[in-house]
Amino acid sequence: MSLRNEAVGSLPTRMAVARRSLSSAITKYAPVIGLLGALVLLGIAFRTHLDFSQQPLEPYRMFFELLVAGLVISLLRSKVGLVTYGMFGPIVISFILIESGLLWGLVLFVNVFLIALGTYLVIRPFRLGTAHRICALVMTVAIAITTFHIMSDSGTLPQEVNALQAFFPAIITAWYADRFARELTERGWRAPAVRFSWTMVAIVAAYAVVANGTIVTWFMQTPESWAFVFAANVYLGAQSSTRLKEYLRFSNVYGQSRLSVLRASVRARLHNASARLRGLFGAETSRVEATSVMAMNRRNRLIKQYNPQHLYPELDKASMKRAFHGTGVPTPETYALVGSLNDLTTAEEIIHTRDEFVIKPDSGYGGEGIVVVTGRTENGDFETSKGRKTPEQLLAHTRSIVEGQYDPMGLEGVAVIEGLVHPDDHLLSIAGQGVPDVRVIVFKGFPIMAMTRLPTEESNGAANLHMGAVGVGLSIADGKALGGYQSTNKWFDEHPDTGVDLESFYVYNWREILDTAVMAAEVSRLGYTGVDIVIDETEGPMVLEINARPGLGIQNSTFAGLLERTEFIEQLPDSFGLKSPREKIELARVWDRVNWTEDAIELEAQWERTDGDEFDRSGDAGVRDPDGECTRTDSDANGREEVTAR
């Protein structure tokens, strides 16, 4: 367990801290206490004025069924870790199953889903805008449901299928099909199939609880419980606990049995609850973390704290490209930002005059919508990451981006057309294909964790872990490889295609990579971010994009927990926030060499006494010399490092 001390000093200081803590607690908790009080009074009023022996709330049972279904699915998502398509969709569909029955309800839902999916695939070549695409799906879904109703009326299907409520999931089903088909196109079958399967599990689980009726009836008959259930939901949602699924996902990082981790987690929660109470009265307190692994709930709280919401509209690829070019952060050349249909003439000119370029949406995730154009064929077509494409098809793809196909809200988007990166031979020789990249996690200006993502045949040359690429952890100190990991919870000592050892190589230009990552994070103004960098054969490290919500799989690649390192940085005195980017980078490299466990102040003092020279001589693997030759460092038997020419 890691420990965070919160000492408060002398009695006057303790009294001042107590007053501030009490004031902060009142500001935070008073509104929710007021709402809970209102629910309590409402429950008492219901109990006083209604005769519950006559079940007065029975006509409104459907609302309580929706409420209970929502509680079940929220617990499955936040505490178990199920990844589903949305929250409201599974709630509504589970409610529909109550009316139609489990078997025929699922049959109806799956059939309508497949019809909508088939419609998407039929109209896909026309690259309709978001509005017309969704309209087409809703039309076919509505017609399909009407057909099922008529078949039920005629006796071809059971009467349960004719439930009027079966109409309501029409739009939800159309949205599911649209989202599933888009992920299928961009990421292959595995990711959307897993998400859809877990969605079905959540729907059936919510149905099972609601259909039993016991919990729903109890909730209806005990209005006094409404405030308690609401408070319990708020409490559970505010906890940054590890989800059950993450005990399996990060099993190698925990380094102990799952039962031991669970016991440590319970002890930590009890300790922290007690510490919060003591802190209200100015007592010296300490916060305990059960493990060094950062779970999703904990990461989300960190993001809320250090990544202000008002910055998010400025973090799309188009806005960041403007910021990078304006501040000198190295990034691929931008040929055009196509933000309206009027700009398509510019895109058309680029397509007809250039042989290599990349088209990507300014929003989206997981590589959605990115088309890498690597050359022109003799007949004028293009070789791309999505197969051979005509100029007309590339222009149509650009148009679909502008019309919002990849925007999460279906709004108009911006197509970024930029120069093609030619990866440095070093990482390319390890992966054998595609464009390998490096992700660096930067927290409060300090680089704290890194990995390189190596494409594979399974990922079709994409550096995307969800598609089958291999993530290789890298030491912050010197860029040394730490072993490979695939998102299917497979670990590798060698690259699955090339057979290259994934524990012995160093990434060249390591200091320049860290400099670039920290500079990009500073431009973004995010406190916690993942910076994706590619190493061009002539330009060196270049920023591809900034991630405001970087994934957690990097912990499996490095066999280390992010939480331990973020807490290390959070405990630093405020004076460390005034240090220059270079100082922050060099200190992070020093701390990494001692596994982020030594006293930071003493290590800083040692580093300043040597002016960083000792570390600079021994810790910079992969410096590119003035003649352009790459060098690297190898460790001898005594742990010393010497520079050897490549």
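Residues numbered from 1 in each chain as written. Predicted model: local features only at pLDDT ≥ 70, side-chain atom pairs only at ≥ 80, totals over all residues. Heavy atoms only, no water.

A short note on the overall build of the chain
The helix and strand tally for the chain stands at 23 helices and 17 strands. Burial status across the chain gives 49% buried among its 646 residues. Here the contacts in the chain between residues at least 6 apart in sequence split such that 65% fall between residues at least 24 apart. Carbon and sulfur atoms provide 58% of the accessible area of the chain, an area that totals close to 30300 Å². (Helix = DSSP H or I, 4+ residues; strand = E, 2+ residues; numbered from the N terminus. Buried < 20%, exposed > 50% of the residue type's maximum accessible area, 1.4 Å probe, protein only. Contact = heavy atoms within 4.5 Å. Areas by Shrake-Rupley, 256 points an atom, 1.4 Å probe, with all protein chains shown as cover.)

Points about the sheet that holds strand E6 (residues 382-384)
As summarised here, the arrangement of the 6 strands in space is E3-E8-E4-E5-E6-E7, forming an open sheet in which the pairing is antiparallel. Only two strands of the sheet have a single partner each, and these edge strands are strand E3 (334-338) and strand E7 (387-389). Each strand of the sheet is rotated relative to its neighbour by a mean of 25°, with strand direction disregarded. In the sheet, strand E4 (residues 357-361) pairs with strand E5 (residues 371-376) via 3 bridges, with the strands oriented antiparallel. (Pairing = 2+ DSSP bridges. Axes fitted to C-alpha atoms, helices over the stretch in contact; angles between N-to-C directions.)

Concerning unusual backbone geometry
One non-glycine residue, Phe559, lies in the positive phi region at around 60°. Structurally, Phe559 can be placed in the loop between helix H19 (554-558) and helix H20 (562-570). According to the relative accessible area criterion, Phe559 is partly exposed, its value standing at 38%. A positive phi is found at Asn595, a non-glycine position, where the angle reads about 60°. Locating Asn595 in the fold gives a position in the loop between helix H21 (581-593) and helix H22 (600-609).

Observations concerning the packing of helix H4 (residues 102-123) against helix H5 (residues 130-153)
Between H4 and H5, whose axes approach to 9 Å, the crossing angle comes to 145°. Of the two elements, H4 crosses H5, and the hand of that crossing is right-handed. Contacts between H4 and H5 involve Leu108, Asn111, Val112, Ile115, Ala116, Thr119, Tyr120 and Ile123 on the former and, on the latter, Arg133, Ala136, Leu137, Thr140, Val141, Ala144, Ile145 and Phe148. Taken together, the residues of the contact of H4 with H5 sort by class into 12 nonpolar, 3 polar and 1 charged. (Left-handed = near helix turned anticlockwise from the far one by under 90°. Nonpolar A, V, L, I, M, F, W, Y, C, P; charged D, E, K, R; others polar.)

A word on helix H6 (residues 170-187)
With 18 residues, H6 extends 25 Å from end C-alpha to end C-alpha; this agrees with the ideal 26 Å at 1.5 Å per step. For H6, the buried fraction is high: 15 of the 18 residues fall into the buried class. Backbone geometry just after H6 places Gly188 at a positive phi near 85°. (Expected span 1.5 Å × (residues − 1).)

Section: the pattern of salt bridges
Close approach of charged atoms lets side chains of opposite charge pair. Per the counting criterion, the structure on display carries 22 salt bridges. A salt bridge links Glu183 to Arg179; the nearest nitrogen and oxygen atoms lie 3.5 Å apart. With Glu183 and Arg179 both in helix H6 and 4 residues apart, this pair spans about one turn of that helix. Of the two residues, Glu183 and Arg179, both sit in the buried class. (Salt bridge = Lys/Arg side-chain N within 4 Å of Asp/Glu carboxyl O.)

A few points about the packing of aromatic side chains
Here the structure, examined in full by the defined rule, presents 23 aromatic pairs. A centroid spacing of 5.5 Å and a plane angle of 40° characterise the contact between Phe446 and Trp591, whose relative ring orientation is tilted. Of this pair, Phe446 sits in strand E10 (residues 446-454) while Trp591 sits in helix H21, and the two are 145 residues apart along the sequence. Classification of Phe446 as buried rests on a relative accessible area of 2%. Residue classification places Trp591 among the buried residues on the basis of a relative accessible area of 0%. On the numbers, 5.2 Å between centres and 50° between planes, the contact of Tyr485 with Trp491 is tilted. According to the relative accessible area criterion, Tyr485 is buried, its value standing at 2%. Through a chain of ring-to-ring contacts, three or more aromatic side chains come together here, namely Tyr85, Phe109, Phe113, Trp175, Tyr176, Phe180, Trp189 and Phe196. (Phe/Tyr/Trp six-rings, centres within 6.5 Å; stacked < 30°, edge-to-face > 60°.)

Things to note about a negative patch on the surface
Taken together, the side chains of Asp493, Glu494, Asp501 and Glu503 define an acidic patch exposed on the protein surface. Relative to the helices and strands, Glu494 is located in the loop between strand E13 (490-492) and helix H18 (510-524). (Patch = residues over 30% accessible without salt bridge, like charges linked within 9 Å, V, L, I, M, F, W, Y side chains within 5 Å. Lys, Arg positive; Asp, Glu negative; His and termini not counted. Charge placed at Lys NZ, Arg CZ, Asp CG, Glu CD.)

Details of the side chain of Ser74
Along the chain, Ser74 turns up in helix H2 (residues 61-80). Taking the relative accessible area as the measure of exposure, Ser74 reaches 19% and is therefore buried. Residues contacting Ser74, with those up to four places away along its chain left out, are Lys79, Met87 and Asn233.

Considering the environment of Thr331
By the secondary structure assignment, Thr331 is in the loop between helix H14 (317-327) and E3. Residue classification places Thr331 among the buried positions, given a relative accessible area of 8%. Considering only alpha carbons, one finds Thr331 and Ile533, 202 residues apart in sequence, at a separation of 8.7 Å. Sequence-distant contacts of Thr331, defined by excluding residues within four places in its chain, comprise Lys321, Phe324, His325, Met542 and Val543. Reaching out from Thr331, the side chain makes a polar contact with the backbone oxygen of Val543 at a distance of 2.8 Å. (Polar contact = N/O pair within 3.5 Å; in protein donor to acceptor, adjacent residues only side chain to side chain.)

Some details on the confidence of the model for the chain
Considering every residue of the chain, the mean pLDDT works out to 83; 83% of them sit at 70 or more. Per-residue pLDDT stays below 50 along residues 3-8; that stretch engages in 25 contacts with residues further than four places along the chain or on separate chains. Note that pLDDT drops below 50 for residues 614-646; the model gives that stretch 71 contacts with residues more than four away or on any other chain. (pLDDT = per-residue confidence, 0-100.)

Description of the packing of H2 against helix H9 (residues 225-238)
The N-to-C vectors of H2 and H9 enclose an angle of 25°; their axes lie 11 Å apart at closest approach. It follows from the interaxial angle that H2 and H9 lie roughly parallel. Here H2 and H9 pass one another in a crossing that is left-handed. Between H2 and H9, the contacting residues are Phe64, Leu71, Ser74, Leu75 and Lys79 on the first element and Trp226, Val229, Asn233 and Leu236 on the second. Of the residues assigned to the contact of H2 with H9, the class counts are 6 nonpolar, 2 polar and 1 charged. (Parallel < 35°, antiparallel > 145°, perpendicular 65-115°, else oblique.)

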